[in-house]
Structures are given as structure tokens and as C-alpha cells.
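# What the coordinates show
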Amino acid sequence: MSEAIREVLDWLESRPDVQSLRAAVCDLNGIMRGKRIPVDQAVKALEGKLRMPFSVCGVDVWGEDIVGNKLVFSTGDADGICQWTGRGILPMEWTAHPTALIPLWLTDESGAPFLGDPRQVLARILDRYKALDLTPVVATELEFYLVDPKPERPRGPVSPVTGRRLDSDAALSIDEIDDFEGFLHDVYAACRAQDIPVDSAIAENGVGQFEINLNHVDDALRAADDAILFKRTVKGIARKHGFIASFMAKPYGKRSGSGLHVHFSLIDKDGNNVFDDGTARGSDILRHAVGGQLAAMAESTLVFAPHFNSFRRLRPNSHAPTAVAWGYENRMVAIRIPGGPASARRIEHRVAGADANPYLVLAAILGAALIGIEKKLNPGEPATTDVYERDLPKLPPDWASAIASFESGNLVAEIFPDALRGWLVACKRQELETFALRVNNFEFETYLEAV
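Model, not experiment: these values are computed from the prediction. (Residues numbered from 1 in each chain as written. Predicted model: local features only at pLDDT ≥ 70, side-chain atom pairs only at ≥ 80, totals over all residues. Heavy atoms only, no water.)

### Side note on the pairing of strand E6 (residues 99–107)
Just so we agree on the cut-off: When a residue's accessible area, from a 1.4 Å probe over protein chains only, is under 20% of the maximum for its type it is buried; when over 50% it is exposed; and in between it is partly exposed. Counting from the N terminus, the helices are the DSSP runs of H or I reaching at least four residues and the strands are the DSSP runs of E reaching at least two. In short, DSSP must find at least two bridges between two strands for them to pair.
Counted residue by residue, E6 has nine buried out of nine residues, so it is predominantly covered. Side chains of E6 alternate between two faces, with Thr99, Leu101, Pro103, Trp105 and Thr107 and Ala100, Ile102, Leu104 and Leu106 buried alike. Looking at chain direction, strand E4 (residues 79–84) and E6 are connected through four bridges and run antiparallel. Along E6, the bridge assignment pairs Cys82 with Leu106. Relative to E6, strand E5 (residues 90–92) runs antiparallel, the two sharing three bridges. Each residue of the ladder has a partner; that of Pro91, found in E6, is Ala100. Taking the residues between adjacent antiparallel strands as the criterion, E5 and E6 are bridged by six residues.

### A closer look at the domain arrangement of the protein chain
Where we set the bar: All domain edges in this entry derive from an automatic or database-based domain assignment. Between two residues, a contact is recorded if the distance between any of their heavy atoms is within 4.5 Å. Values labelled buried area give the accessible surface lost by two parts on being combined, using a 1.4 Å probe and summing over both. The salt bridge definition used is simple: a Lys or Arg side-chain nitrogen within 4 Å of an Asp or Glu carboxyl oxygen.
Domain assignment breaks the protein chain into domain 1 (3–114) and domain 2 (124–416). Measuring from the centre of the C-alpha atoms in domain 1 to the corresponding centre in domain 2 gives 26 Å. Taken residue by residue, the interface counts 14 residues in domain 1 and 21 residues in domain 2. Both faces combined, the contact of domain 1 with domain 2 buries some 1,400 Å², and carbon together with sulfur accounts for 64% of it. On the domain 1 side of the contact with domain 2, Met32, Arg87 and Trp94 bury the most area, a combined 47% of that side's loss. For the pair domain 1 and domain 2, the interface holds one salt bridge. Between Arg87 and Asp226 there is a salt bridge whose closest N-O contact spans 2.7 Å.

### Topic: helix H10 (residues 358–375)
To be explicit about the condition: To estimate how far a helix should reach, multiply one less than its number of residues by 1.5 Å. Distance and chemistry together define a polar contact, namely a pair of N or O atoms within 3.5 Å, with one atom able to donate a hydrogen and the other to accept it when in protein, and with adjacent residues in sequence counting only for side-chain atoms on both sides.
Spanning 18 residues, H10 covers 25 Å between terminal C-alpha atoms, matching the ideal 26 Å at 1.5 Å per step. Burial within H10 is extensive, with 16 of its 18 residues counted as buried. Here H10 starts with a cap whose side-chain oxygen sits 3.0 Å from the backbone nitrogen of Tyr359, and that cap is Asn357. Phi turns positive one or two residues past the end of H10, at Lys376, with a value near 50°.

### What about the side chain of Lys428?
The residue Lys428 is located in helix H13 (residues 418–436) in this model. Filtering out sequence-adjacent residues up to four positions away, Lys428 remains in contact with Asn29, Leu302, Pro306, His307, Trp399 and Ile403.

Spelled out as C-alpha cells, the structure:
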């Protein structure tokens, strides 16, 4: 028995109040799916003796099988092998009874990675960096809304301090941070227990909107794990405090959207930041990485904006990008090069919504950067003005266009394995069709008697 497994079992022995565990993998939509198991089956999960259908990674957002999925009906819905990712035990104190999560990923019977598993896809990209003696250093910023769970449609939460409902934007409001200190304190405590490297928190632009940053780590798989676990933690703590935490890209049509911004740099085998050339401009490698990300951006928009609601966020004059553009210290562009010391030179990728799957987002960003570095792609001149009014290449304007662009893209074919690409396209087409069949109340109000 390995030392890592022994540490998990020691923790469980110290916590007799934990009577059950969650063993789960991450699906295409960034949703954890798995089993509730008794504590005495922990060793089974940790030693790779649990099995789940391969198809669990490829269900749609409602948990329905994808029509025509070859991994379901034509192959008998075969099981994959659930391997422990090696992440230590992840306590969850916000459930009715304390429990803990064992994070897993899928392989086939031979132990080969299952490339329909989003985590395995990111690992494959990182293997390519390792072959070049480069290591991505990654940090994420996640925005979310707290909403009142009682109304049918989202409304601002009621302040636990004043008893008044939030009804206006409060960018960087310290008072709003103070009002929700109980919630934020519990989020930070839960993150510490799970070794999620939380940094600063701010009140964002929207009603009840917050942003919490995660510190950079030199393991992109861990950074994606942290983002997935952070979202689960925030949702769980919000329920404990009587709120809903929503990572929807745009829960309010006229207020700020919620993003998943990714910062990354690259270090060589000696620990040097290869984006740093001692100047504010950054190295040629940085510019080539930007060139690759711009070249693949339209094709990979489906990864950054994977849902019907996602495209409500990607609107002009909304602080969310719509053009394929980059610049220095410019928050209106898709790729921003922040200022600061040259030693910290990095890229900020600003396209993804908070609703996106962090594993696929990092695979798309790092995979495109790698293409740019290998092919020495030129990003063109940086934008220095408002890009919304300029005639620049645009991101796909809607969900259907993004699906088509991802399906036909040549560069995303170099980043994502065929199995995952086909699955994601089929999944999103099924979800799109489901939305197309639903007639909403506003349509009735507008058209029922008027036309």
C-alpha cells in the first residue's frame, strides 16, 4: 500500500463521523458524476478497483445519454477503470452528514488513458510540454453570483447583516464583502481543508456577484482540479448559508457576466520564465504563444462558451471579448498581457465563461499556445484602443456557429483527440436541439395574439 493511500486511510480513521464517500469523475460539462460509497470501500476506490461506464463522461448537461453515442448501445455501454488522481482526501462539511470526495479519472482495461475523459485530454497536452522541457504555471479567476433560492427567476440575495435585498451593482464594495463575511469565511476554510489555493476575493460588478482568485501553481492538472473543486465548494457552502451560488455565464441579461480568466506563464527546466525577456514587451516565445491562441480562438470558442446561456455574455461593450484580438494592459481584448515586473510576464486569456469545463479550457489554451510556439505564429500588432468598434475577426456569434467551427477546425483537431471532439459536438448539438424545442414565456407574451 502506497504512502499516499495510507495517509487517506489515516485521515478517515481520525474522522469516525465520516460514514460515506463520493467517488467521481468529471464529464464534458465539468459536472462531477460518480457514486456514494461506504468508507470501508475507500481502498477499492484508491487502488483503481472501481468501475464506471465510459459513457458517464459524455452525457449531456441534464445527464441524458447522447443519441447515437457508440459507447452506449453499439458496445454495450462498457465500463472503464476508475483510477485515483492522487489528490488527497477532500472533506465536504457542508452536506447533511460530513463526507469526502475521492477524485477519479478513467482508463481502459490496459491502463491506457481514456481520451473521452477531459482530465486525460489535458494531461496529454501537458505531456507535449514536458517533451519540450517546459512547464505551464497556471492561475485562474472565477466569478459567480449569489442568488436568492426562493424566486423562480434569479434575484439578488438578502444581506445577512442588513436584512435588505441587494438590488444594485457594487463593484469592489467592502461593505458587501463584510455583509457576506460568514459565507466567505466558510468558503476559505473549506478550500484550506481541500488544499485549494484561494487568494483574494472582491465584490464584482453585478448584484451579489463575487470573484475569488486562485493562486498560480506549476501543475496545470492541479490548477484545473482546483477550479472544479472550488466551484463545488462554493455551491455547497452557499446552500449551507441559504443561497444559491451560480456560475452561469449570464444569469441576468442586463448585468455583468461571469468569467473564468486564466493566467499562465511557461518555465524551462532551470525554472526560468521563458515569456520574460527583461522588457514589458515579453519574449518572442510569448508572442508566438499568443499567435497560436488567436489562430485557434474561433475554432475553440465552443470550449470557452459551451452552453446556450454562454453567448449572452459574449456581447459588445460588456467587458467580455467578442473579437480575436490581443493587447498589453487592455481588458477589452481576448488575450491580455498584464503589466508588472518582467519576471512575472504572463498571458491572461479572458474568453472562457465561468460555466466552462476547466480541463477543456486549459487544454484549449495551452494546446493553442503550443501550436503557436512550435510554428512560430505571428500574433500581429497589439490592440491599443477599444476593439469593439474595430473591424477585427470575431468569435462565433452564437452556439450553433461555435459548434460548427469546433467540428471543422483544423487547429482544434491538433489539440483534442477525435473521440472527444466527436463526443462534444454530439453533446452540444443534442443540447441545442433541446433548447430549440422549448418555447419560453417571453415568446408567448410577444407573439401569442400579436401576429
